[in-house]
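Observations on chain architecture
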Amino acid sequence: MPAVTQLTPNFLGGVSKQNDDKKLEGQITECINGYPDPTFGLLKRPGMKHVNDLKKSNGDVFTKAELADAIWFYIDRASAGSYIGAIKGTNIYIWTADTGTFCTVTNTGTSYLTGTNQNDYHFRSIQDTTIITNKTVNTAMQAAGTFVANSVATLKLLTLVETFEYTVTIQNIEAQVSAQNNTTFDDMLLYDAADVDTNHHLIDKIKSVIEAQHSASNAAFAGRWYLEGYNNSIVIKRSTGTNAVVTDYSAVTGTPVAFDIDARGDLNNTAIEVFEDDVTEVSKLPLESFGGHNVRILNSDSEEDDYHVKFVAYDTTLNRGRGYWKETVARDASPGLDNTTMPHELTNTGATTFTFGPITYKARLAGDDVTSPIPSFIGSPINSTFFYSNRFGVLSKDNVILGVANDSYNFFVKSALTQIASDPIDLNVSSVRPVLLSEVLPSPQGLILFSERQQFQLYATDASTLTPTSAVIRALANYEMATDIAPIDVGTTSAFVSRVPGYSKLFTMALRDVEQSPIVVDISKAVLEWIPATVDDITTSPPNSVVMLIDKDTSYLYLYRYYNNGEKDLFQAWTKWKLPGTIQAAKIINDNVVVVQQYEDEYSIGSIVLDEIPTGSSVSDLTNFEGNACLDMATRPVSPAGGVSAVVYEEALDRTKIYLPYRPLTNTRGAMLLNVPKAEVNNTSAELDADAGYWAEVEGFIEPGTGYYYFEIQGDFTGYADGMLVGYNYDLEVTLPKFYYRRDANTTDYTATLTIARVNFSLGRTGAVVFKSKATGSNEWVAVKNVVEASYYTGDSNPIKEEKTFTVPIHQRNTNFELKVTSNLPYPVSLVSMMWEGNYSPRFYKRA
């Protein structure tokens, strides 16, 4: 039985749920609060700094019930500042992410906030605006315009020739006049109350005929008639009301009423013409009219080339006379979207001020439902909003709708006459499967569209600008995806979560050329059934190569970390983090994991810095600290009220009170860590007040009468107040797999007899650690007394060595025990490598 030794060069393989004999070098059975790093090894995760409790505008803390079941979201504005938001009922609350300052929200969109759970809303932040979409609200158009056909007529006088007869037939009653040699256009068309010659003046004749029919009580002429004379035309309008003829350009009152009209003049009937609602070509429109006069240009028998114009008067005061005809929306068409049913906007108007309300979507300016189609999302909820290729877009059912280019919130064509490149794009994914599009991600190859069972790609066929004629959609892949967890960018790939009964999977998808299928990888394969089905959010930090799954309403985050050297991943590792409270929301912002957690009867914001490797060293000023102590909810003592010190010694009881900015955790002892005051860091002549690195457990209490929160410790520590940190210790637990003799990197000899004599651990920047073992079949972990070479550390500093070796005696068969490494102290741990020593016997069998 030869003595053998084998090296595990690192612990960067992360958790693996494979059998121990199948695990790769560096993989472990379980890891809680670990953070794999390619430089320093498997680290104890950084501590979570307490930022602030979530408070109201008056400074009172929100209770658990007041924000229970709130819908949480983040607003990431990079250097401009980030925010945390919550929707509770019809209220929106916002706090700054870096300090937890309460922000004022002016809310004019309460009627839109009808969602009841997180999946009822979608959030999209662009610069200082966050688009909030209620996925339960059916979108709608505004009410169609009111229009009574044939209630406005225009008589257009083309030529005026002596002796020509001009006949206008209204409601089957003729009004006929003859032109004389001195008759002018003004005589025929402009009303003159002083002129009683109705035989040669057309407008006067029409007026007299209508009045005569009124006198005769002819029902066909009942109501109010309006006659407006212009330089080559007469406009006739009819409405309900008292029988009368109005000739002073008065505004029409009452409801429009239809009437019949016809006109003829000269032998070929070309001297005068009349139209009511439509003309065959634009040249038949008069040069003058009233403002807003709406006419349809038919062009041909097809509806597809019809368009509408309205008259715009130069004189905006009188709103009539000379002007021009401008393309407009049809008289009986909806003028646009109903803003109250569309996604709303939350706008950052100041450092701590926001406004929330409906977006002013652009009106429909031209065409009707044929030439300016209603967007396909109308009548259905919108599931997602996005900005892509200079367009604002939405997803609804199996449709992708992008608005007008460079014209946000406009979903209608600019002209019914012709299609232009900037017009809206409205496409259907056209799949043989039921599809409900839920989210998008941009990529260099196009826009990736995600649904529950299928993924698609929207791109331009000519590889240039996306236009209505160049945009196409093709199917990419057929993978199941949890639609309540939005897919996310991970550097050059995208990641999405898939749920199966009992657990979750995490996939990455990398696109190739447009005509090639993507590369989809299940990166959670090594931890099959380890990620629970309850994970409900995902966040990522590409610079730190981190993907994090969030299990809300628990205390766990599931972390995937990798390191790529430009050609391949050198390691891929899964770990699990446990936080002291119940997670409500979490997001990685600027290398910080910003966490909203609920504990006791409060909510708080915490921050974990990813790129600040724990050194064990930290320095404090009066209100804050630098460095990353391994404490959760780490904070400086805080004065509870004016005149009360943050650290108070009660001599009679020989105890020190350390006041806190948060309620202490029940049945959990806190920790006090003494560090170097910032003012004395570079002061070599001054004696440090604090024994840097000293720590002790403390008890949490609520002060009777005042309700102040504090930790309590025996003795007088007021002299160390400037260098004091308080918080809660957290466990690092790394459970190792069974040890097997490896003949090479891919072959494990699991049939041989192997007795482990001892295990040597090489650690980097590390404080104290505890090794525990458990006999096979037992549930009790027992601390193992390790052996470490005597060493030293500098006085008044943290008890941390840059390099350290521990020897753990075992003397057990490899199948008779389990071993794990733990640390529950406020100091860093860095597991670098491990080497076991033992006796190996192949049982006299030759290994082929």
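Source: prediction; values computed, not measured. The written sequence of each chain sets the order in which its residues are numbered from 1. Predicted model: local features are reported for residues with pLDDT of at least 70 only, side-chain atom pairs are reported and counted for 80 or more only, and whole-chain, interface and lining totals are derived from all residues. Values shown for side chains rest on all heavy atoms present in the structure; no hydrogens or waters enter the calculation.

**As for the overall build of the protein chain**
Within the protein chain, the secondary structure is distributed over 2 helices and 67 strands. Here the protein chain has a C-alpha radius of gyration of 40 Å; the compact-globule value for 848 residues is 29 Å, and the former is much larger. Taken along the three principal axes of its C-alpha coordinates, the protein chain extends 130 × 75 × 45 Å. Every one of the 848 residues in the protein chain was classed for burial, and the buried ones make up 52%. Within the protein chain, contacts between residues at least 6 apart in sequence are counted, and of these 61% link residues at least 24 apart. Strands are runs of DSSP state E lasting at least 2 residues, helices are runs of H or I lasting at least 4, and numbering of each runs from the N terminus. In this treatment the radius of gyration is a C-alpha quantity, and the globule benchmark scales as 2.2 Å times the residue count to the 0.38 power. A 1.4 Å probe rolled over the protein chains alone gives each residue an accessible area, and that area as a share of the maximum for its type sets the label: buried under 20%, exposed over 50%, partly exposed in between. By definition in these notes, contact holds between two residues if any of their heavy atoms fall within 4.5 Å.

**A short note on the pairing of strand 28 (residues 353-358)**
In regular strands, side chains alternate between the two faces of the sheet. Sheet analysis places strand 11 (residues 102-107) next to strand 28, joined by 4 bridges and oriented parallel. The partner of Asn107 across the bridge, within strand 28, is Phe356. When DSSP finds at least two bridges between two strands, those strands are taken to pair. Bridge count between strand 27 (residues 344-350) and strand 28: 6 bridges; the pairing is antiparallel. If you follow Leu346 over to strand 28, its bridge partner there is Phe356.

**Examining the pattern of salt bridges**
The salt bridge definition used is simple: a Lys or Arg side-chain nitrogen within 4 Å of an Asp or Glu carboxyl oxygen. Inspection of the entire model under this criterion finds 27 salt bridges. Among the salt bridges present, the one from Glu699 reaches Arg669, with a minimum N-O distance of 2.1 Å. Taken as a pair, Glu699 in strand 55 (residues 695-702) and Arg669 in the loop between strand 52 (655-659) and strand 53 (670-674) lie far apart in primary sequence, 30 residues in all. Assessed through its relative accessible area of 31%, Glu699 is described here as partly exposed. The salt bridge partner of Glu733 is Lys820, with a shortest N-O separation of 3.4 Å.

**Describing the side chain of Ser607**
As for its position among the elements, Ser607 is in strand 47 (residues 602-609). By relative accessible area, which is 13% here, Ser607 ends up buried. Apart from the residues within four sequence positions on either side, Ser607 is in contact with Gly47, Met48, Lys49, Val51, Asn592 and Val593.

**Quick notes on the nonpolar core**
Take the buried Ala, Val, Leu, Ile, Met, Phe, Trp, Tyr and Cys residues and link them wherever side-chain atoms come within 4.5 Å; each set so joined is a nonpolar core. Core analysis: the biggest nonpolar cluster contains 49 residues, and Trp574 and Phe761 have the highest contact counts within it. For this core, the leading source of residues is strand 61 (residues 753-763), giving 5 residues. Beyond its immediate stretch of four places on either side in the chain, Trp574 contacts Gly14, Val15, Leu506, Ile523, Ser524, Val527, Trp530, Ile531, Leu549, Tyr558, Leu559 and Tyr560. Core analysis: the next-biggest nonpolar cluster, separate from the first, contains 37 residues, Leu579, Ile583, Met672 and Ile713 among them.

**Examining the packing of aromatic side chains**
Only centres within 6.5 Å qualify two rings of Phe, Tyr or Trp (six-membered ring in Trp) as a pair; their planes then separate them into stacked at under 30 degrees, edge-to-face at over 60, and tilted for everything else. Applying the stated criterion across every chain, the model contains 36 aromatic pairs. Measuring from centroid to centroid gives 5.0 Å for Phe387 and Phe392, while their planes differ by 50°, and the two rings are tilted. By relative accessible area, Phe392 is classed as buried at 1%. Consider the rings of Phe392 and Tyr409, whose centres lie 5.0 Å apart with planes at 75°: the pair is edge-to-face. Of this pair, Phe392 sits in strand 30 (residues 391-396) while Tyr409 sits in the loop between strand 31 (399-402) and strand 32 (425-428), and the two are 17 residues apart along the sequence. The pair formed by Phe392 and Tyr409 is uniform in burial state, with each residue classed as buried. Each member of the aromatic cluster is reached from another via a ring pair, and the members are Tyr361, Phe377, Phe387, Phe392, Tyr409 and Phe411. For a ring to carry a charge above it, either NZ of a lysine or CZ of an arginine must fall within 6 Å of the ring centroid while also lying within 35 degrees of the normal to the ring plane. Between the NZ or CZ atom of Arg45 and the centre of the ring of Tyr730, over which it lies, the distance is 4.0 Å. The residue whose ring lies beneath Arg320 is Tyr249, and the NZ or CZ to ring-centre distance is 3.8 Å.

**Examining unusual backbone geometry**
You will see that Gln127, though not glycine, has its phi angle at about 55°, which is positive. Note on placement: Gln127 falls in the loop between strand 12 (121-126) and strand 13 (129-134). At Met633, a position not held by glycine, the phi torsion is positive, near 55°. Here Met633 lies in strand 50 (residues 632-635).

**Side note on helix 2 (residues 202-215)**
A helix is expected to span 1.5 Å for every residue after the first. Between its terminal C-alpha atoms helix 2 stretches 20 Å, which fits the 20 Å expected from 14 residues at 1.5 Å a residue. Burial analysis of helix 2 places 10 of its 14 residues in the buried class, which makes it a mostly covered element. When helix 2 is considered as a whole, its buried residues turn out to be Leu202, Ile203, Asp204, Lys205, Ile206, Lys207, Val209, Ile210, Gln213 and His214. Two residues or fewer past helix 2, Ser217 is found with a positive phi of approximately 60°.

**Observations concerning the environment of Asp186**
Inspection of the secondary structure assignment puts Asp186 in helix 1 (residues 185-189). For Asp186 and Tyr230, which are 44 residues apart along the polypeptide, the C-alpha to C-alpha distance reads 8.0 Å.

**Quick notes on the side chain of Asp53**
By the secondary structure assignment, Asp53 is in strand 7 (residues 48-53). In protein, a polar contact requires one atom able to donate a hydrogen and another able to accept it; more generally it is a pair of N or O atoms within 3.5 Å, and residues adjacent in sequence count only if both atoms are side-chain atoms. Within the local environment of Asp53, its side chain forms a polar contact with the side chain of Tyr599, the two groups lying 2.8 Å apart.

**Brief notes about the confidence of the model for the protein chain**
Note on scores: pLDDT gives the predictor's confidence for each residue, bounded by 0 and 100. Residue-level pLDDT values for the protein chain average 90, and 95% of them are 70 or greater. Contacts from residues 683-691, a stretch scored under 50 in pLDDT, to residues over four places away or in other chains number 15 contacts.

**Here's the deal with the sheet that holds strand 36 (residues 471-477)**
Reading across from one edge, 33-34-35-36 is the order of the 4 strands in this open sheet, with antiparallel pairing throughout. Looking along the sheet, the strands with just one partner apiece sit at the ends: strand 33 (437-443) and strand 36. Averaged over all neighbouring strand pairs, the angle between strand axes comes to 25°, with direction disregarded. Bridge analysis of strand 34 (residues 446-451) against strand 35 (residues 455-460) gives 4 bridges, and the strand direction is antiparallel. By the bridge assignment, Leu449 is partnered in strand 35 with Phe456. To define axes, lines are fitted to C-alpha atoms, for helices over the stretch in contact only, and angles between the resulting N-to-C directions are given on a 0 to 180 degree scale.

**Quick look at the sheet that holds strand 40 (residues 519-522)**
If you walk across this open sheet you meet the 4 strands as 37-38-39-40, and the pairing is antiparallel. In the strand order of this sheet, the two ends are held by strand 37 (488-490) and strand 40, each with one partner. Across the sheet, the axes of successive neighbouring strands diverge by a mean angle of 35°, strand direction being ignored. As judged from the 7 bridges shared by strand 38 (residues 493-500) and strand 39 (residues 503-510), these two strands associate in the antiparallel manner. Pairing of Ser494 across the sheet is with Met509, part of strand 39.

**As for the pairing of strand 38**
One ladder, built from 3 bridges, connects strand 37 with strand 38; its direction is antiparallel. Bridge assignment links Val490 to a residue of strand 38, and that residue is Thr493.

**Remarks on the environment of Thr753**
Tracing the chain through its elements places Thr753 in strand 61. A relative accessible area of 14% places Thr753 in the buried class. Separated by 88 residues in sequence, Thr753 and Ser841 have C-alpha atoms that sit 5.1 Å apart.

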